[in-house]
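Listed below, chain by chain, are the residues.
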4 protein chains.
Amino acid sequence: MLIPPSQTQPMSTRELYLFDTMGLLRIPGFLSPDAVEVCRGEVRRLSSTEALGDGAKEKVEDLVGNSAHFAELAASEAVRALVEPLVNQPYRLIESYALRRTRQSVFYLHNGSGEVLHYAGDRVARRNMSYMHTFHDGKLYCMFVKVLIYLSDVLSDDDGPFCYLQGSHKANFAWFPDGDSGSPNAWVSETGNPRAALTRENFPSLEFVRARAGDALVINEALLHGSLQKASGGERILTALGFAPSFVTDWKRLDPRSDDIQRLGHY
Amino acid sequence: MLIPPSQTQPMSTRELYLFDTMGLLRIPGFLSPDAVEVCRGEVRRLSSTEALGDGAKEKVEDLVGNSAHFAELAASEAVRALVEPLVNQPYRLIESYALRRTRQSVFYLHNGSGEVLHYAGDRVARRNMSYMHTFHDGKLYCMFVKVLIYLSDVLSDDDGPFCYLQGSHKANFAWFPDGDSGSPNAWVSETGNPRAALTRENFPSLEFVRARAGDALVINEALLHGSLQKASGGERILTALGFAPSFVTDWKRLDPRSDDIQRLGHY
Amino acid sequence: MLIPPSQTQPMSTRELYLFDTMGLLRIPGFLSPDAVEVCRGEVRRLSSTEALGDGAKEKVEDLVGNSAHFAELAASEAVRALVEPLVNQPYRLIESYALRRTRQSVFYLHNGSGEVLHYAGDRVARRNMSYMHTFHDGKLYCMFVKVLIYLSDVLSDDDGPFCYLQGSHKANFAWFPDGDSGSPNAWVSETGNPRAALTRENFPSLEFVRARAGDALVINEALLHGSLQKASGGERILTALGFAPSFVTDWKRLDPRSDDIQRLGHY
Amino acid sequence: MLIPPSQTQPMSTRELYLFDTMGLLRIPGFLSPDAVEVCRGEVRRLSSTEALGDGAKEKVEDLVGNSAHFAELAASEAVRALVEPLVNQPYRLIESYALRRTRQSVFYLHNGSGEVLHYAGDRVARRNMSYMHTFHDGKLYCMFVKVLIYLSDVLSDDDGPFCYLQGSHKANFAWFPDGDSGSPNAWVSETGNPRAALTRENFPSLEFVRARAGDALVINEALLHGSLQKASGGERILTALGFAPSFVTDWKRLDPRSDDIQRLGHY
């Protein structure tokens, strides 16, 4: 294996507690510096497409289909040991990608347990079942768990750290009362209004996660999360492996205005 | 439309209450006698395969793909009016089939909210997320709702009525402690032991549902349900339309012993 | 002990399943015929007050305070074995009474998990926390469990059997949209309207429980329950022991119009 | 009114979101500096008892019974506006006290949604129903809400700020696997072992709350919370008003080893 994970221990009870209460868990040093180098090389070798947004962002799709090394990593015992205790049922890989971000790129806050979704026929949902955080009889049954692996340091606010609202993966209310108002890539909502800056003044429960190259961050997609705008130079590189129960389709954005009962799609 | 549903009213508050508490709802006279005749003709026109089991059972797969009439029915306002208030999110059709059953055929009790699932690597799940019954802010968010339409009368115990355990769609415990012990088609479990007969003595909370040709029965798949053995003559014909949130794949049985993170499958 | 319970076994897994899914559990022959005789004698010995309502009903309050025999029964291992696995936390006896009912007496449907409660200041609650049915990590945590012990046979509809709505202890909706509209003792609601008769036509999920003298019926008070009108002759006698977590006060009806933050009361 | 609260607005949707996700809500400037002075005077006027622990701590019991001013405050519209939207059912005041703390006093982490409770007969509970955080149909139904009013500034770590574990009011697991290991007043557990210091190294999800004299902090008692050791000079003064549904008794510590079904007590 060219990308051998350093992590070899099963998830501890306290790590489970942290994931359950915070909606994420950081595993420092999941990859060695050498493995990070290999990953970075693989990502740069693969062709990418420009992801839309206010800043520069390149996305490499289907890492696992395009790289035997990433396929091996995704199926490795070390990655499974991060996913299995959070999903606790037959599961599958539903997406794998890398993101290369440079100056000004942003991910605005998206998802969140109680947020409003508008869909076909002027209907509204307040639960997105595709990322439920559920517990039964001592085990978590999460619907969408993502393993992020950092390939560059994200240590200061300027590096565009991951951010989230405390406890939002179990929120009963919506933070954004009008719902998911646009792409996570933009500072302007679909209605054309500028969005509130990602600060503690605007979001009193906003938390930041710093990470070093090689760290893994396991997140529950139910978190209302995003990342600060990158202001520093250099590239912010990260790979993402998304897992879900085996009856869930590959990740594909739904057209929420469609009313076709044959259409696939996440929302 | 050759199969025009007779039902035109939206689901009432009390019908929602009944579905929420019982896990099912019967809609008498959903199809007129004429529409039932058309359906029966369509089902008999389509080729079927013999479903394995102790009794005679023929299954017609993919009704909607094979019959324009059933495709129209599945997308009709009347069927949607039964599904929409139970799923309350973008949804899709994940299966459509008909069953023709004659003497001795049976469906043993299967599913159930808290039942044990054994899967790859000696792991055990106590939640099957593919058929969760969930409620939030005045709305149900079900993961798998099936509309059964009766094409023959099932009035006596001899006709093999639908049966279920009261409240099993919200059970916190397992009725069968050793889990899903074999096919719903057989009176003998996977371990070779005969299964307990479907009686009130063996199952104190067992309930039966009688229905006439043309009735619809909407069920939450989380119910621990089956049907009595058919002892009467003639055919018991029924069509089934299964709906799930749009991120769920077409229904396909999972090989629970597989450990492949790329494999699709329900369990 | 003058009232020795016959039941000596701990609650089985299937009994737990039945209580969890049905909201009640019948224990046949909990008291021997001799013990039933003693109970009946004790109840008749104690002074009672007439309970208001459409039919004749006498209530004996505080059985445990007024009878050493009932005090012993309430604290017995056999009664505790029925309560402990349903409450699973420190608990106390919050009420004990007997009811003697003759012709025409009734208990209309009351309680229910999602029913509407109107209280002081035109406020409305949809949860009555005093009778939550909760589950965590393999155990039930119920807030109000009542052990009913039958001292006379209730075998036919004319005997006024206990009745309830299937699954109502976990209902997410309200059956009665305008809320708790009057005393369970009356056939006329507070607004002066006659109430719907307790039939399957009016309540499609209505279930009846027959019992013999000596049987115990353990119920979760979250059930939407009552009893049919008694039409037969003779007395219907029953004792009730109510248990709740230790931080709950003795049962006492709240004046819901009061807004005094020092007042005790159940609702 | 001698202690007139400055806060006059109803709780906003975003404040509800913050309370639901964080388990607490800070209301800056709930009392004016003048009102704080009156409160401080009242607290000092009332007799106190020394609370046991490692540091100096004086407790004034039953503020509301001993001071007409505090009784008026507890029943004021402003305090009710903090409690009502979190309890959403008839409620009562179950305790009121003040704490005067000087150097070295501590409150170790206590409560927490999934923590282990040992009680009579070697039994174990994993849910403390007396402080459930529950949501139904757009409303919170909390079992124990406490309004803390700061009468002195707590601005630095040395002042002994309130601390809690992120999301612990909804935790499904226990942070302390052996349960409630002693008094919140002590740095030594019941088993005689020193307890882990309240740092981010030991508790990665530990959060701190700074507050000024006059601020109110509304907390859900389900939080795993405490306060840092006070190292600065001067007094840290705070009043606490505890509210619960009306069927809950006045707060009184249960003897968890007692098995008396007549005993009251919180745990």
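The model shown is predicted, which means the values in this text are computed figures rather than measured ones.

## Topic: the pairing of strand β9 (residues 139–142) of chain C
Residue and element names in this part refer to chain C.
So, point 1. Inspection of the sheet shows strand β8 (residues 133–136) paired to β9 by 4 bridges, in the antiparallel sense. Residue pairing across strands places His133 opposite Cys142, the latter belonging to β9.
So, point 2. Connecting β8 to the next strand, β9, in antiparallel fashion are 2 residues, including Asp137 with a positive phi near 50 degrees.

## Some remarks on the packing of aromatic side chains
So, point 1. Taken as a whole and judged by the stated rule, the model has 36 aromatic pairs over all chains.
So, point 2. Seen from their ring centres, Tyr91 of chain A and Phe243 of chain A are 5.9 Å apart, and the 80 degrees between their planes marks the pair as edge-to-face. On the criterion of sequence distance, the pair formed by Tyr91 of chain A in strand β4 (residues 91–101) and Phe243 of chain A in strand β15 (residues 236–245) is long-range, its members being 152 residues apart.
So, point 3. By relative accessible area, which is 1% here, Phe243 of chain A ends up buried.
So, point 4. Pairwise contacts between aromatic rings join Tyr17 of chain A together with Tyr108, Trp175, Phe176, Trp187 and Phe203 of chain D into one cluster.
So, point 5. Its guanidinium or amino end placed over the ring of Phe107 of chain B, Lys57 of chain B lies 3.7 Å from that ring's centre, counting from NZ or CZ.

## Side note on the sheet that holds strand β11 (residues 162–165) of chain D
Residues and elements named next belong to chain D.
So, point 1. Spatially, 4 strands are ordered β5-β14-β11-β12 in an open sheet, and the strand pairing comes out antiparallel. Only two strands of the sheet have a single partner each, and these edge strands are β5 (107–110) and β12 (206–209). Put simply, the sheet's adjacent strands are angled 25 degrees from each other on average, direction ignored.
So, point 2. Of the strand pairs in this sheet, β11 and β12 are connected by 4 bridges, and their pairing is antiparallel.

## Details of the interface of chain B and chain D
So, point 1. Each side of the interface is counted separately: chain B has 4 residues, and chain D has 4 residues.
So, point 2. When chain B packs against chain D, the two sides together hide about 260 Å² of surface, and 57% of this comes from carbon and sulfur.
So, point 3. Considering only the side of chain B, the residues that lose the most area to chain D are Phe135, His136 and Asp137 of chain B, jointly responsible for 91% of the buried surface there.
So, point 4. The interface formed by chain B and chain D includes 0 salt bridges.
So, point 5. Put simply, chain B and chain D have 2 residue pairs in polar contact (both at pLDDT 80 or more) between them.
So, point 6. Residue composition of the side of chain B that touches chain D, by class: 1 nonpolar, 2 polar and 1 charged.

The rules we used
- Position numbers for residues start from 1 in each chain and track the written sequence from start to end.
- Ligands are numbered from 1 and chains lettered from A, in the order in which they are written.
- Where local features are concerned, this predicted model is filtered to residues with pLDDT of at least 70; where side-chain atom pairs are given and counted, the filter is 80 or more; whole-chain, interface and lining totals use all residues.
- As a rule here, side-chain values come from all non-hydrogen atoms in the structure, and water together with hydrogens is ignored.
- Strands are treated as partners if at least two bridges between them are detected by DSSP.
- Comment: elements are numbered from the N terminus, with helices defined as DSSP H or I runs of at least four residues and strands as E runs of at least two.
- Pairing of aromatic side chains here covers Phe, Tyr and the six-membered ring of Trp, requires ring centres within 6.5 Å, and sorts the geometry by plane angle: under 30 degrees stacked, over 60 edge-to-face, intermediate tilted.
- Categorising residues by exposure relies on relative accessible area from a 1.4 Å probe, with only protein chains included: less than 20% of the type maximum marks a residue as buried, more than 50% marks it as exposed, and the intermediate range marks it as partly exposed.
- The rule is short: NZ of Lys or CZ of Arg within 6 Å of the ring centre and within 35 degrees of the ring normal puts a charge over the ring.
- Working convention: axes come from line fits to C-alpha atoms, limited for helices to the stretch in contact. Angles between N-to-C directions cover 0 to 180 degrees.
- The contact rule is simple, with two residues in contact once any of their heavy atoms fall within 4.5 Å.
- Joining two parts hides part of their accessible area as seen by a 1.4 Å probe, and the buried area is that hidden amount summed over both.
- A side-chain nitrogen of Lys or Arg and a carboxyl oxygen of Asp or Glu constitute a salt bridge if their distance falls within 4 Å.
- Nitrogen and oxygen atoms within 3.5 Å of one another constitute a polar contact, given that in protein one can donate a hydrogen and the other can accept it, and given that sequence-neighbouring residues count only through two side-chain atoms.
- Just so you know the grouping, Ala, Val, Leu, Ile, Met, Phe, Trp, Tyr, Cys and Pro go in nonpolar, Asp, Glu, Lys and Arg go in charged, and all remaining residues, Gly too, go in polar.

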